[in-house]
Structure formats: C-alpha cells, structure tokens
Amino acid sequence: AYCSSLTSVTIPNSVTSIGNYAFLGCSSLTSVTIPNRVTSIGNYAFADCSSLTSVTLNSSALVSAGRTASSSMNSIFGEQVEAYILGEDIESIDSYAFYNCSSLTTITIPNSVTSIGENALPQTATIITSVGKSLLALWNAGYESIKDKTSGKTFNIPRTSIVSTTASSSTLSIDNYYPEFCYAVNVSDVPRTMEGKELNITGLDPDTQYSLEFLVTLADVTYKPNTVPFTTAPLNLITQQPKVISAGNTVVAANTNLDDAETNVGFEWRRYDWPDEIVSNTGSAYLYEGTMEGYIRNLYTGAFWKYRPYYESNTGNRYYGDWVVFDPTNTSYFEPTVHTYAQIKVHGNSAEVKGYVMRGTDKVTSQGFMYWPNNTSFSLRRKAASIPDDVTVVKATGNVMTATLEDLDYEAAYCYVAFVTTEEDETFFGEVKTFSTDVDPDGLEEIKDESLTPALSKGEGVWFTLDGKKLCKPQRGINIIRYSDGSTKKVLVK
C-alpha cells in the first residue's frame, strides 16, 4: 500500500496486529501512534517511511519483545526515527530494545516503567521522564543524564554522606533530595527509614567500622545510589563524683561522648563491701550534651557504696566506666539541673518540644515548658530570669519530659524553655530555644492518617494509598504529594 501523502497515523485501539507492508513507502509519514493492544508488527510494515521521526508506542508487548543487539526497534520502524514516546501501559523495556537506533535523539519514559534491560537505550539519546518509579529504574540501569519532562532540568542522583559521628551514632544527610521518594539506610541489614533530609542512627558500637547501604524507594522499585563507610569514635565514659542531695538519695553522673538520643544508658551500683557474687543494681540514665545523670534513692546509709556508668549497644555489647566510691551521708545543697533540647517537631501550628530535669536538694513541685512569641525586643543572650511575664505554661512530667504546644499562630516564630519550680518556690530554667510554625493551610484539603489505606511494605518503607494511588507515607502537617502520573495535591495531614 503506497501512501505518499499520509503524514501521521494513529492506529485504532481495536487493532491487535499490523500486517506485512502495511505502511510501506509512506514517505511523508512523520509520526505514528501504536496502541497497547498491538502485539505484533509484520515484515516491512514501516519500510521506506523515510520521514518517520516520531513514534508514540503504547504496546508493552513490542517494547518487551526480547530483541537482540542486531534487531532493535530499527527493524520495525527504521533507523531514521529521532523520538520515541512510550505510553503508561509499558512496565519494562527489554535488553537492546532501542540500542541500535543511531538516529534517536530523545526517548520519553513513563513512570509505569519499573525495569530496564541491558543496553536497552542508546547512551547518545536524551532520556526524558518525571520523578517516579521510572527514574529509579533508569538509575538502576546505569543512565544518569536524565531530563525532567516538565522543567527540562537534569535529575541529579540522590546520595547520602556523613554529617557527624560520635561513639554510638552517626548523622547522615541527603544531597539532591526529592520528597517524592522514601529514603532508608541498611544498618546491619536492618533498614532505617529517613524522615526528611537527615537521619540520626543510634545504638552503634564504639570504635567500630560500619558500611551503610543507602536506599531510595518508590512503591516496589528500589535504587541503591551509594554505600557510606565510617568508623565510630572510641567511647568516653568518665565517672563523676555524685551529688548526695539528702541521706541515701544521690544524683550520679558521668561525662561521655555518647549521643543525646541514646536510651540504653544507665548506672550500676553496689555496696562497697559486697562480694562479687552479688549482682549489682542497675537503673536508666539521661543524656544532655555529654553529661549522663541518674538518680539513686534510699541507699543504706550505714555503708559505703560505689557506682559506674554503662552503655549498651543495639548488638547487646555493654561498655562500662570506672567505679567511684562514695558516702551516702555526705550531703550538700544542689540546685536542680534543667535543660531544653533543641530537637523539635513542628506539625502545622503545633510543636512537640523536649526538655530534661534532674531534681536537686529541694523537691520539685512543678515542671514543664514556657513559650511565647519571639519578637525583636527579646534577645536569646538574655538570662532566663529575663523571660517575659506573658508566657504560656505547659506542664510535663519525667526526667526527660515532652509536651505538645498547640493552637499556635501559623507562619510565626516562638521561643520556648524548660523549667522546674521547687518547694522553696524557686524556678529554674533551661536554655531558651526557638522554632517557627508551618505555613497557613487555609484552603488545603484535610485528610487523616486513618483514611490512608496501608498498601505495601517490603522493608524499604511503608506505603499508603490516597485516591487509589500509592505514595510514601506523609508526615503530620502540610504535604505536597506527587503521583506517578505527574499530578500533585497539597494536603494537611492531621
């Protein structure tokens, strides 16, 4: 069939095959669209279509036909085709499918593609896609200079690097961060999901070499950009002299280079005259910027005691400081210890804050947080005694105390500080810290966690479905969700 005047053609969806010589000699044909139901194309179907430069291909059967290096798409559409646009029904591209297309300058890959075979695409062609599974599949196949379908910018591969390392932890940061993906690292083959651009890994063994495998995931596609080697620092656990605040009641302490987030820390204590066969007492401790503290109550005052700090890693290894002997009757007056942690989680117009308090000689009658709007008249260099009068107070309990500050103004800056008040009616403050709330969500669609249906979990992260589409689990607050089809939605998760 000679058709020299035909310039473009769209094959109807009802067609399942294209016969031999179907478009032979259509020299003016510049573009053709093949529907997904077409599973075979006959010999010379597009032979001598010398002007054919653009093919929109929706047929997964053709792209994944298991072609060889000598019979790629050239054998179907000819060597002169400059652009292929693949449709959303295509999930995989077999080895060498487009490899010998020497004239191919651009190929557009949909986000439905999850696997790409060896040498499937020519290295000289510009590959176009959007943020989604296809981008991870392309990176997995070794293609790096990939262009964004919307902006035309080149996608840079996400990589992780070490920000800091302590004796028990390592903080990692992501370069070239895409919020649409989920990120994790494998620590001893156990994935730990990253929230945002940083991850703090705790519970590590001191003075130990590690190699972290970085994982970038979307639905069922995972890409492993790089592996990060590092060595934790040697452990410092230096036992300090205790604070005997009343007979038999003692605050014990140690200086350390452990991370503040460590929870498997504590003290071991025993009477100085006990034989080794008697098991020591143990209790948990709390960390703040290199100081570990704990509180031992009701010690027998007729004998000397000794104590030492310990740290236990996630592998079950326990590390100790030196013993220190003390007299539980040697009392002195001590003020309470109060600290305000800088770690904070902001969700819309609420914030979760954290503080630390260890009682002194006088009993604590009240503790918690004070907060107030941060305005230009307040200086963070002021002493805590200069805190404004018009503060809001939130009560909290425990040595490490947390509280949620609610109903704040959107897009506003706040100061907050931990405090304790003793039975002597004295108030002691921690450090003043600041934070800012999120943008005003007025007009955003509101969704709740329970409306997100659990979908797939394979160790790389938990995935949810919203409106029938998979997405990485959003956090509380404002989320911009980008779907695999390129569409976006801004939501407020409560």
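Small disclaimer: the values here were computed from a predicted structure and weren't measured. Numbering of residues begins from 1 in every chain and follows the order in which that chain's sequence is written. In keeping with the predicted nature of the model, local features appear solely for residues at pLDDT of at least 70, side-chain atom pairs appear and are counted solely at 80 or more, and the whole-chain, interface and lining totals rest on all residues. As a rule here, side-chain values come from all non-hydrogen atoms in the structure, and water together with hydrogens is ignored.

1. Observations concerning the overall build of the chain
(1) Moving on: Every helix listed is a DSSP run of H or I at least four residues long, and every strand listed is a run of E at least two residues long, numbered separately from the N terminus. Across its full length, the chain holds 3 helices and 44 strands.
(2) Moving on: Taking all 494 residues of the chain together, the buried fraction comes to 47%.
(3) Moving on: Total accessible area computed for the chain in this model is approximately 23600 Å², and 44% of it derives from carbon and sulfur atoms. Only protein chains enter the accessibility calculation, which uses a 1.4 Å probe; a residue whose area is less than 20% of its type maximum is buried, one above 50% is exposed, and one in between is partly exposed. In this description, accessible areas are obtained by the Shrake-Rupley approach with a 1.4 Å probe, and a residue is regarded as covered only by the protein chains that are shown.

2. Considering the sheet that holds strand β13 (residues 170-175)
(1) Moving on: DSSP bridges decide pairing: two strands pair if at least two such bridges lie between them. Strand order in the open sheet formed by 3 strands is β12-β13-β16, with antiparallel pairing between adjacent strands. Of all the strands in the sheet, just β12 (159-165) and β16 (198-201) have a single pairing partner and so form its edges. In this sheet, adjacent strand axes meet at a mean angle of 25° when their direction is disregarded.
(2) Moving on: Inspection of the sheet shows β12 paired to β13 by 6 bridges, in the antiparallel sense. Paired with R159 across the two strands is D175, which belongs to β13. In this analysis an axis means a line fitted to C-alpha atoms, helices contributing only their contacting stretch, and an angle means the value between N-to-C directions, from 0 to 180 degrees.

3. Considering the confidence of the model for the chain
(1) Moving on: pLDDT expresses, on a scale from 0 to 100, how confident the predictor is about each individual residue. Mean pLDDT for the chain: 85, with 85% of residues reaching 70 or above.
(2) Moving on: Within the chain, the lowest mean pLDDT, 39, falls on strand β40 (residues 453-457), and the highest, 98, falls on strand β27 (residues 305-312).
(3) Moving on: When the criterion is pLDDT under 50, residues 378-383 qualifies, and its contacts beyond four places in sequence or with other chains add up to 9 contacts.
(4) Moving on: Every residue in residues 449-463 is under pLDDT 50, and counting partners more than four places away or in other chains gives 37 contacts. The contact rule is simple, with two residues in contact once any of their heavy atoms fall within 4.5 Å.

4. As for the pattern of salt bridges
Side-chain pairs of opposite charge can arise where the charged atoms are in close proximity.
(1) Moving on: Any carboxyl oxygen of Asp or Glu within 4 Å of a side-chain nitrogen of Lys or Arg constitutes a salt bridge here. By the definition in use, this model includes 5 salt bridges.
(2) Moving on: Its salt-bridge partner being K243, residue E293 comes within 4.0 Å of it at the nearest N-O pair. Of this pair, E293 sits in strand β26 (residues 291-296) while K243 sits in strand β21 (residues 243-246), and the two are 50 residues apart along the sequence.

5. Considerations on the packing of aromatic side chains
(1) Moving on: In this analysis, rings of Phe, Tyr and Trp, with Trp reduced to its six-membered ring, are considered paired at centre separations within 6.5 Å, and the interplanar angle assigns stacked below 30 degrees, edge-to-face beyond 60, and tilted for intermediate values. Going through the model one piece at a time under the given rule, you end up with 24 aromatic pairs.
(2) Moving on: Where Y286 meets Y356, the ring centres are 6.3 Å apart and the plane angle is 45°; that geometry is what we call tilted. Here Y356 lies in strand β32 (residues 350-358) and Y286 lies in strand β25 (residues 286-288), a separation of 70 residues in the sequence.
(3) Moving on: Since its relative accessible area comes to 22%, Y286 is described here as partly exposed.
(4) Moving on: Pairing Y288 with Y341 gives two aromatic rings, centres 5.2 Å apart and planes at 70°, and the pair type is edge-to-face. Of this pair, Y288 sits in strand β25 while Y341 is found in the loop between β30 (337-340) and β31 (345-347), placing the two residues 53 residues apart along the sequence. In this structure, Y288 and Y341 share a single accessibility class: buried.
(5) Moving on: Within the aromatic cluster, the residues linked to one another by ring pairs are F23, F46, F77, Y84 and F98.
(6) Moving on: In this scheme, Lys NZ or Arg CZ marks a charge over a ring once it lies within 6 Å of the ring centre and within 35 degrees of the ring normal. Sitting over the ring of W323, K306 keeps its end group 4.7 Å from the ring centre.
(7) Moving on: Taking the ring centre of Y320 as reference, the NZ or CZ of R308 above it sits at 3.8 Å.

6. Quick word on the sheet that holds strand β10 (residues 126-129)
(1) Moving on: Reading across from one edge, β1-β3-β5-β6-β8-β10-β11 is the order of the 7 strands in this open sheet, with parallel pairing throughout. The open sheet has two free edges, formed respectively by β1 (8-10) and β11 (146-148), since each of these has just one partner strand. The mean inter-strand angle of the sheet, taken between neighbouring strand axes irrespective of direction, is 15°.
(2) Moving on: Here 4 bridges tie strand β5 (residues 54-57) to strand β6 (residues 83-86), and the two strands are oriented parallel to one another.

7. Thoughts on a negative patch on the surface
(1) Moving on: Surface patches are defined over residues having more than 30% relative accessible area and no salt bridge, joining like charges when they lie within 9 Å and nonpolar side chains (Val, Leu, Ile, Met, Phe, Trp, Tyr) when within 5 Å. We count Lys and Arg on the positive side and Asp and Glu on the negative side, and we leave His and both chain ends out. Where a charge lies is defined by one atom per residue type: Lys uses NZ, Arg uses CZ, Asp uses CG and Glu uses CD. On the surface, a cluster of negative charge is contributed by E335, E423, E424, D425 and E426.
(2) Moving on: Position of E423 among the secondary structure elements: in the loop between β36 (413-422) and β37 (427-429).
(3) Moving on: The exposure class assigned to E423 is partly exposed, which follows from its relative accessible area of 46%.

8. A closer look at the side chain of N186
(1) Moving on: Checked against the element boundaries, N186 lands in strand β14 (residues 182-187).
(2) Moving on: Under the relative-accessibility criterion, N186 is labelled buried at 14%.

9. Some details on the side chain of T340
(1) Moving on: Of note, T340 is situated in strand β30.
(2) Moving on: The exposure class assigned to T340 is buried, which follows from its relative accessible area of 0%.
(3) Moving on: Two N or O atoms count as a polar contact when they lie within 3.5 Å, although within protein this holds only if one can serve as hydrogen donor and the other as acceptor, and sequence-adjacent residues are included solely when both atoms are side-chain atoms. Within the local environment of T340, its side chain forms a polar contact with the backbone nitrogen of A418, the two atoms lying 2.9 Å apart.
(4) Moving on: At 2.7 Å, the side chain of T340 and the backbone oxygen of E431 are in polar contact.

10. Details of unusual backbone geometry
(1) Moving on: Backbone geometry places D207, a non-glycine residue, at a positive phi of 50°.
(2) Moving on: One can find D207 in the loop between β16 and β17 (209-218).
(3) Moving on: For E411, which is not glycine, the phi dihedral falls at a positive 50°.
(4) Moving on: Residue E411 is classed as exposed on the basis of its relative accessible area, which comes to 55%.

11. What about the environment of E411?
(1) Moving on: Counting through the fold element by element, E411 comes out in the loop between β35 (400-405) and β36.
(2) Moving on: Separated by 28 residues in the primary sequence, E411 and V439 place their C-alpha atoms 5.0 Å from one another.
(3) Moving on: If we skip the residues at most four places from it in the chain, E411 touches T437, D438, V439 and D440.

12. Digging into the environment of T30
(1) Moving on: For T30, the location among the structural elements is in the loop between β2 (17-18) and β3 (31-34).
(2) Moving on: Sequence separation between T30 and S50 is 20 residues, and the spatial gap between their C-alpha atoms is 8.4 Å.

13. Brief notes about the nonpolar core
(1) Moving on: Nonpolar cores were defined as sets of buried Ala, Val, Leu, Ile, Met, Phe, Trp, Tyr and Cys residues, with membership established by side-chain atoms within 4.5 Å. Counting residues in hydrophobic clusters, the biggest one holds 68 residues, and the most contacted among them are F46, F77 and F98.
(2) Moving on: Those residues within four positions of F77 in sequence are excluded, and the remaining contacts are V32, I34, I41, F46, L52, V55, L57 and Y84.
(3) Moving on: Of all hydrophobic cores here, the second largest spans 19 residues; its members include M401, L408, V420 and F428.

14. Considering helix α3 (residues 133-140)
(1) Moving on: A large share of α3 lies buried, amounting to 6 of its 8 residues.
(2) Moving on: Listed in full, the buried residues belonging to α3 are S134, L135, L136, A137, L138 and W139.
(3) Moving on: In the core, the buried residues of α3 are packed alongside β9 (115-116), β10, β11, β17 and β18 (221-223).
(4) Moving on: In the stretch just after α3, G142 is the one whose phi turns positive, near 95°.

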